[in-house]
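Fold and contact review
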Amino acid sequence: MQATKNIKLPTHVAIIMDGNGRWARQRHLPRVEGHIRGMESVREIVTSSCELRIPYLTLYAFSKENWIRPKEEVKKLLELLAHYLVQEIPLMMEKGIRFNIIGAIQDFPKRIRTLLYNTMAQTAKNKKLVLTIALSYGGRQEILNAVKQIAHDIRKGSLLRITEKTFKKYLYTGDMPDPDLLIRTSGEMRISNFLLWQIAYTELYITDVLWPDFRKDAYLKALKVFSTRERRFGMVKEG
Ligand code: FPP
(Lines give C-alpha, C1' and ligand atoms only; values in the text may rest on other atoms or scores of the structure.)
Protein backbone atom coordinates (compact mmCIF):
# COMPACT_ATOMS: atom_id res chain seq x y z
CA MET A 1 0.00 0.00 0.00
CA GLN A 2 1.83 3.05 -1.36
CA ALA A 3 0.23 5.54 1.07
CA THR A 4 1.92 3.89 4.06
CA LYS A 5 5.30 3.15 2.43
CA ASN A 6 8.18 3.91 4.78
CA ILE A 7 6.00 4.88 7.72
CA LYS A 8 6.20 3.24 11.12
CA LEU A 9 3.14 1.02 11.54
CA PRO A 10 1.73 -0.28 14.81
CA THR A 11 2.02 -3.97 15.68
CA HIS A 12 -1.31 -3.99 17.47
CA VAL A 13 -4.30 -1.77 16.66
CA ALA A 14 -7.34 -1.79 18.94
CA ILE A 15 -10.60 -0.10 17.91
CA ILE A 16 -13.66 1.08 19.80
CA MET A 17 -16.23 0.93 17.00
CA ASP A 18 -18.76 3.59 17.97
CA GLY A 19 -21.46 5.56 16.19
CA ASN A 20 -23.56 2.94 14.40
CA GLY A 21 -26.73 4.23 16.07
CA ARG A 22 -25.96 7.87 15.25
CA TRP A 23 -25.18 6.97 11.65
CA ALA A 24 -28.61 5.34 11.34
CA ARG A 25 -30.40 8.16 13.15
CA GLN A 26 -28.90 10.77 10.80
CA ARG A 27 -30.51 8.84 7.94
CA HIS A 28 -33.82 8.15 9.70
CA LEU A 29 -33.07 4.43 9.58
CA PRO A 30 -33.48 1.81 12.31
CA ARG A 31 -30.36 1.34 14.51
CA VAL A 32 -29.75 -2.12 13.08
CA GLU A 33 -29.03 -0.56 9.69
CA GLY A 34 -26.11 1.19 11.35
CA HIS A 35 -24.81 -2.15 12.62
CA ILE A 36 -25.19 -3.71 9.16
CA ARG A 37 -23.16 -0.89 7.62
CA GLY A 38 -20.74 -1.13 10.55
CA MET A 39 -20.17 -4.75 9.62
CA GLU A 40 -18.95 -3.63 6.19
CA SER A 41 -16.44 -1.36 7.92
CA VAL A 42 -15.27 -4.37 9.96
CA ARG A 43 -14.59 -6.24 6.69
CA GLU A 44 -12.73 -3.33 5.15
CA ILE A 45 -10.56 -2.66 8.20
CA VAL A 46 -9.72 -6.36 8.59
CA THR A 47 -8.75 -6.61 4.92
CA SER A 48 -6.71 -3.39 5.06
CA SER A 49 -4.87 -4.64 8.16
CA CYS A 50 -3.90 -7.78 6.25
CA GLU A 51 -2.69 -5.74 3.26
CA LEU A 52 -0.66 -3.53 5.58
CA ARG A 53 0.73 -6.58 7.43
CA ILE A 54 -0.43 -5.33 10.80
CA PRO A 55 -0.19 -8.51 12.92
CA TYR A 56 -2.81 -7.78 15.62
CA LEU A 57 -6.23 -6.14 15.31
CA THR A 58 -8.64 -6.05 18.26
CA LEU A 59 -12.22 -4.85 17.82
CA TYR A 60 -14.65 -3.95 20.60
CA ALA A 61 -17.91 -5.39 19.25
CA PHE A 62 -20.02 -5.98 22.34
CA SER A 63 -19.47 -4.80 25.88
CA LYS A 64 -20.69 -6.35 29.12
CA GLU A 65 -23.05 -3.37 29.36
CA ASN A 66 -24.48 -3.87 25.85
CA TRP A 67 -26.72 -6.72 27.10
CA ILE A 68 -29.13 -4.11 28.48
CA ARG A 69 -29.88 -2.74 25.00
CA PRO A 70 -33.34 -3.49 23.56
CA LYS A 71 -33.82 -7.23 23.03
CA GLU A 72 -34.33 -6.84 19.28
CA GLU A 73 -31.07 -4.94 18.88
CA VAL A 74 -29.09 -7.52 20.87
CA LYS A 75 -30.67 -10.27 18.77
CA LYS A 76 -29.68 -8.50 15.56
CA LEU A 77 -26.11 -7.98 16.78
CA LEU A 78 -25.82 -11.69 17.62
CA GLU A 79 -27.24 -12.56 14.21
CA LEU A 80 -24.71 -10.32 12.50
CA LEU A 81 -21.94 -11.91 14.48
CA ALA A 82 -23.13 -15.44 13.59
CA HIS A 83 -23.40 -14.44 9.95
CA TYR A 84 -19.90 -12.99 10.04
CA LEU A 85 -18.47 -16.15 11.58
CA VAL A 86 -20.00 -18.42 8.96
CA GLN A 87 -19.44 -16.16 5.98
CA GLU A 88 -15.90 -15.01 6.69
CA ILE A 89 -14.11 -18.33 7.30
CA PRO A 90 -12.98 -18.79 3.65
CA LEU A 91 -11.55 -15.25 3.65
CA MET A 92 -9.84 -15.86 7.02
CA MET A 93 -8.24 -19.01 5.61
CA GLU A 94 -7.19 -17.29 2.38
CA LYS A 95 -5.69 -14.28 4.14
CA GLY A 96 -4.11 -16.15 7.05
CA ILE A 97 -6.33 -14.64 9.73
CA ARG A 98 -6.46 -16.28 13.15
CA PHE A 99 -9.79 -15.59 14.80
CA ASN A 100 -9.72 -14.95 18.52
CA ILE A 101 -12.24 -13.88 21.17
CA ILE A 102 -11.80 -12.02 24.44
CA GLY A 103 -14.58 -11.60 26.96
CA ALA A 104 -17.16 -13.68 28.79
CA ILE A 105 -18.00 -16.19 26.03
CA GLN A 106 -20.15 -18.11 28.53
CA ASP A 107 -22.70 -15.25 28.38
CA PHE A 108 -23.61 -16.18 24.78
CA PRO A 109 -26.22 -18.70 23.66
CA LYS A 110 -24.87 -22.16 22.88
CA ARG A 111 -25.33 -21.81 19.10
CA ILE A 112 -23.10 -18.70 19.04
CA ARG A 113 -20.55 -20.24 21.41
CA THR A 114 -20.23 -23.25 19.13
CA LEU A 115 -19.66 -20.99 16.12
CA LEU A 116 -17.08 -18.99 18.03
CA TYR A 117 -15.14 -22.08 19.15
CA ASN A 118 -15.35 -23.65 15.68
CA THR A 119 -14.01 -20.52 14.00
CA MET A 120 -11.18 -20.26 16.51
CA ALA A 121 -10.28 -23.93 15.99
CA GLN A 122 -10.44 -23.77 12.19
CA THR A 123 -8.25 -20.69 11.96
CA ALA A 124 -5.89 -21.58 14.83
CA LYS A 125 -2.86 -22.21 12.60
CA ASN A 126 -3.14 -19.00 10.58
CA LYS A 127 -0.24 -16.65 11.09
CA LYS A 128 -0.67 -13.31 9.30
CA LEU A 129 -3.21 -11.46 11.43
CA VAL A 130 -4.65 -12.19 14.85
CA LEU A 131 -8.17 -10.78 14.67
CA THR A 132 -9.53 -10.48 18.20
CA ILE A 133 -13.17 -9.60 18.76
CA ALA A 134 -14.10 -8.38 22.24
CA LEU A 135 -17.49 -9.85 23.10
CA SER A 136 -19.36 -9.43 26.35
CA TYR A 137 -16.10 -7.80 27.32
CA GLY A 138 -15.35 -5.48 30.22
CA GLY A 139 -11.87 -4.39 31.30
CA ARG A 140 -12.71 -4.34 35.01
CA GLN A 141 -14.26 -7.79 34.80
CA GLU A 142 -11.14 -9.02 32.99
CA ILE A 143 -8.90 -7.69 35.77
CA LEU A 144 -11.14 -9.15 38.50
CA ASN A 145 -11.15 -12.46 36.73
CA ALA A 146 -7.34 -12.43 36.60
CA VAL A 147 -7.14 -11.59 40.32
CA LYS A 148 -9.45 -14.51 41.18
CA GLN A 149 -7.39 -16.95 39.14
CA ILE A 150 -4.18 -15.66 40.68
CA ALA A 151 -5.62 -16.12 44.19
CA HIS A 152 -6.61 -19.66 43.23
CA ASP A 153 -3.12 -20.49 41.90
CA ILE A 154 -1.42 -18.98 44.93
CA ARG A 155 -3.59 -21.07 47.25
CA LYS A 156 -2.75 -24.14 45.18
CA GLY A 157 0.94 -23.27 45.39
CA SER A 158 1.45 -23.13 41.61
CA LEU A 159 2.16 -19.38 41.68
CA LEU A 160 4.67 -17.86 44.08
CA ARG A 161 5.37 -14.29 42.92
CA ILE A 162 3.08 -11.78 41.26
CA THR A 163 4.85 -9.46 38.86
CA GLU A 164 3.51 -7.33 35.99
CA LYS A 165 4.64 -10.06 33.63
CA THR A 166 2.83 -12.84 35.47
CA PHE A 167 -0.29 -10.70 35.97
CA LYS A 168 -0.47 -10.01 32.22
CA LYS A 169 -0.55 -13.75 31.51
CA TYR A 170 -3.81 -14.05 33.46
CA LEU A 171 -5.60 -11.50 31.27
CA TYR A 172 -7.66 -12.59 28.24
CA THR A 173 -4.91 -11.04 26.11
CA GLY A 174 -2.19 -13.04 27.90
CA ASP A 175 -0.03 -13.87 24.89
CA MET A 176 -0.65 -10.70 22.88
CA PRO A 177 1.46 -7.54 22.80
CA ASP A 178 -0.26 -4.46 24.26
CA PRO A 179 -1.94 -2.21 21.67
CA ASP A 180 0.29 0.49 20.17
CA LEU A 181 -2.67 2.44 18.85
CA LEU A 182 -6.25 2.72 20.12
CA ILE A 183 -8.74 4.23 17.68
CA ARG A 184 -12.16 5.40 18.81
CA THR A 185 -14.71 6.50 16.23
CA SER A 186 -17.55 9.01 16.59
CA GLY A 187 -15.76 11.51 18.80
CA GLU A 188 -16.45 10.34 22.36
CA MET A 189 -13.49 10.99 24.70
CA ARG A 190 -13.86 7.81 26.73
CA ILE A 191 -12.23 4.42 27.15
CA SER A 192 -15.52 2.69 28.03
CA ASN A 193 -13.99 -0.15 30.05
CA PHE A 194 -11.85 -1.37 27.12
CA LEU A 195 -8.45 -3.03 27.70
CA LEU A 196 -7.83 -1.04 30.87
CA TRP A 197 -4.57 -2.74 31.84
CA GLN A 198 -3.26 -3.11 28.29
CA ILE A 199 -3.53 0.53 27.15
CA ALA A 200 -1.22 2.00 29.80
CA TYR A 201 1.15 3.37 27.12
CA THR A 202 -1.04 3.13 24.04
CA GLU A 203 -1.37 6.09 21.66
CA LEU A 204 -4.97 7.32 21.46
CA TYR A 205 -6.61 8.48 18.23
CA ILE A 206 -10.16 9.77 18.39
CA THR A 207 -12.00 10.70 15.22
CA ASP A 208 -15.44 12.20 14.64
CA VAL A 209 -16.02 9.77 11.77
CA LEU A 210 -18.87 7.38 12.66
CA TRP A 211 -17.96 3.67 12.54
CA PRO A 212 -20.07 2.83 9.44
CA ASP A 213 -18.11 5.56 7.58
CA PHE A 214 -14.72 4.45 8.95
CA ARG A 215 -13.16 2.88 5.90
CA LYS A 216 -9.68 2.37 4.47
CA ASP A 217 -8.96 6.08 3.87
CA ALA A 218 -9.88 6.99 7.46
CA TYR A 219 -7.78 4.07 8.74
CA LEU A 220 -4.75 5.19 6.71
CA LYS A 221 -5.15 8.69 8.14
CA ALA A 222 -5.11 7.30 11.70
CA LEU A 223 -2.02 5.22 10.90
CA LYS A 224 -0.24 8.26 9.46
CA VAL A 225 -0.97 10.27 12.61
CA PHE A 226 0.34 7.36 14.70
CA SER A 227 3.56 7.29 12.68
CA THR A 228 4.28 10.89 13.72
CA ARG A 229 3.80 10.25 17.44
CA GLU A 230 6.87 10.07 19.60
CA ARG A 231 6.50 7.25 22.10
CA ARG A 232 8.43 7.47 25.33
CA PHE A 233 6.72 4.91 27.58
CA GLY A 234 7.11 7.26 30.54
CA MET A 235 10.83 7.78 29.99
CA VAL A 236 12.68 11.07 29.51
CA LYS A 237 14.03 11.69 26.02
CA GLU A 238 17.85 11.79 25.88
CA GLY A 239 19.75 14.73 24.36
C1 FPP B 1 -21.42 1.03 18.63
O2 FPP B 1 -22.41 1.80 18.04
C3 FPP B 1 -21.32 -0.27 18.02
C4 FPP B 1 -21.69 -1.45 18.61
C5 FPP B 1 -22.24 -1.54 19.97
C6 FPP B 1 -21.60 -2.73 17.92
C7 FPP B 1 -20.49 -2.90 16.92
C8 FPP B 1 -20.86 -4.04 16.09
C9 FPP B 1 -20.69 -4.14 14.75
C10 FPP B 1 -19.96 -3.16 13.95
C11 FPP B 1 -21.28 -5.31 14.03
C12 FPP B 1 -20.83 -6.65 14.51
C13 FPP B 1 -19.37 -6.81 14.54
C14 FPP B 1 -18.67 -7.95 14.44
C15 FPP B 1 -17.22 -7.94 14.58
C16 FPP B 1 -19.30 -9.23 14.15
P17 FPP B 1 -23.62 2.35 18.92
O18 FPP B 1 -24.79 1.49 18.63
O19 FPP B 1 -23.21 2.44 20.35
O20 FPP B 1 -23.78 3.77 18.28
P21 FPP B 1 -24.29 5.11 18.98
O22 FPP B 1 -23.35 5.41 20.11
O23 FPP B 1 -24.21 6.11 17.87
O24 FPP B 1 -25.70 4.85 19.43
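Keep in mind it's a predicted model, so treat the numbers as computed, not measured. (Residues numbered from 1 in each chain as written. Predicted model: local features only at pLDDT ≥ 70, side-chain atom pairs only at ≥ 80, totals over all residues. Heavy atoms only, no water.)

**Structural notes on the nonpolar core**
For clarity, the cut-off: Put simply, buried Ala, Val, Leu, Ile, Met, Phe, Trp, Tyr and Cys residues joined by side-chain atoms within 4.5 Å make one nonpolar core. Exposure categories follow from relative accessible area, calculated using a 1.4 Å probe and restricted to protein chains: below 20% of the type maximum is buried, above 50% is exposed, and the middle band is partly exposed. A helix here means a DSSP run of H or I that spans at least four residues, while a strand means a run of E at least two residues long, and both kinds are numbered starting from the N terminus. Only heavy atoms enter the contact rule, under which two residues are in contact if any of them lie within 4.5 Å.
Counting 45 residues, the largest nonpolar core has Leu57, Leu131 and Tyr219 as the members making the most contacts within it. Here the element with the most residues in this core is helix H3 (residues 71–95); it accounts for nine residues. If sequence neighbours within four positions are ignored, Leu57 has contacts with His12, Val13, Ile15, Ile45, Val46, Ser49, Leu129, Val130, Leu131, Thr132 and Tyr219. By size, the runner-up hydrophobic cluster in this structure holds ten residues, among which are Ala14, Ile102, Tyr137 and Phe194.

**Here we look at the packing of aromatic side chains**
Applicable threshold: Centres within 6.5 Å are what make two rings of Phe, Tyr or Trp a pair, Trp counting through its six-membered ring; a difference in plane orientation under 30 degrees is then read as stacked, over 60 as edge-to-face, and the rest as tilted. Note on criteria: charge over ring means Lys NZ or Arg CZ within 6 Å of the ring centre, with the direction from the centre no more than 35 degrees off the ring normal.
Taken as a whole, this structure holds eleven aromatic pairs when the rule is applied. Between Phe167 and Trp197 the ring centres are 4.5 Å apart and the planes differ by 35°, which places this aromatic pair in the tilted class. With Phe167 in helix H6 (residues 164–169) and Trp197 in the loop between strand S5 (181–184) and strand S6 (203–206), the pair connects residues that are 30 residues apart, well separated along the chain. Exposure remark for Trp197: the relative accessible area of 30% places this residue in the partly exposed category. The rings of Tyr60, Tyr137, Tyr172 and Phe194 are connected pair by pair, giving a single aromatic cluster. It is Lys8 that lies over the ring of Phe226; its NZ or CZ is 5.2 Å from the centre.

**Some thoughts on the environment of His83**
Summarising the element assignment, His83 is placed in helix H3. For His83, a relative accessible area of 45% puts it in the partly exposed group. When the C-alpha atoms of His83 and Thr47 are compared, they prove to be 17 Å apart, with 36 residues separating the residues in sequence.

**Considerations on the pairing of strand S3 (residues 97–102)**
Operational definition: Following DSSP output, two strands are said to pair if at least two bridges run between them.
Of all six residues that make up S3, five are buried, and the element is covered over most of its length. Bridging between S3 and strand S4 (residues 129–137) involves six bridges; their strand directions are parallel. By the bridge assignment, Ile97 is partnered in S4 with Leu129.

**Structural notes on the sheet that holds strand S2 (residues 56–63)**
Going by this rule: Structural elements are reduced to axes, namely lines fitted to C-alpha atoms, with helices fitted over the stretch in contact, and the angle between N-to-C directions of any two is expressed from 0 to 180 degrees.
The sheet built from six strands is open, its strands ordered S3-S4-S2-S1-S5-S6 with parallel pairing. Strands at the two margins of the open sheet, each flanked by one partner only, are S3 and S6. The mean inter-strand angle of the sheet, taken between neighbouring strand axes irrespective of direction, is 20°. Packed onto the sheet, helix H2 (residues 31–52) meets strand S1 (12–16), S2, S3 and S4 and runs at close to 165° relative to S2. Sitting on the sheet, helix H7 (residues 216–228) touches S1, S2, S5 and S6, and the angle it makes with S5 is about 140°.

**Describing the layout of surface pockets**
Quick reminder of the rule: Two kinds of site are reported from a 1 Å grid over the protein atoms alone, namely cavities, where a 1.4 Å probe fits but cannot get out, and pockets, open sets with protein on both sides within 12 Å along at least five of seven lines, and residues are called lining when an atom falls within 4 Å of a point. Grid points are joined across faces, edges and corners, and a volume is the space filled by probe spheres set on the points. Charged means Asp, Glu, Lys or Arg here, nonpolar means Ala, Val, Leu, Ile, Met, Phe, Trp, Tyr, Cys or Pro, and polar covers whatever is left, Gly included.
Quantified by volume, the largest pocket comes out at close to 690 Å³. What lines the largest pocket is a set of 32 residues, among which Met17, Tyr60, Ala61, Phe62 and Asn66 lie closest to the centre. For the lining of the largest pocket, the elements supplying multiple residues, two or more each, are helix H1 (20–26), H2, S2, H3 and S4. Lining the second largest pocket are 13 residues, with Glu164, Asp178, Gln198, Ala200 and Tyr201 positioned closest to its centre. Classifying every residue of the lining of the second largest pocket by side-chain character gives five nonpolar, two polar and six charged.

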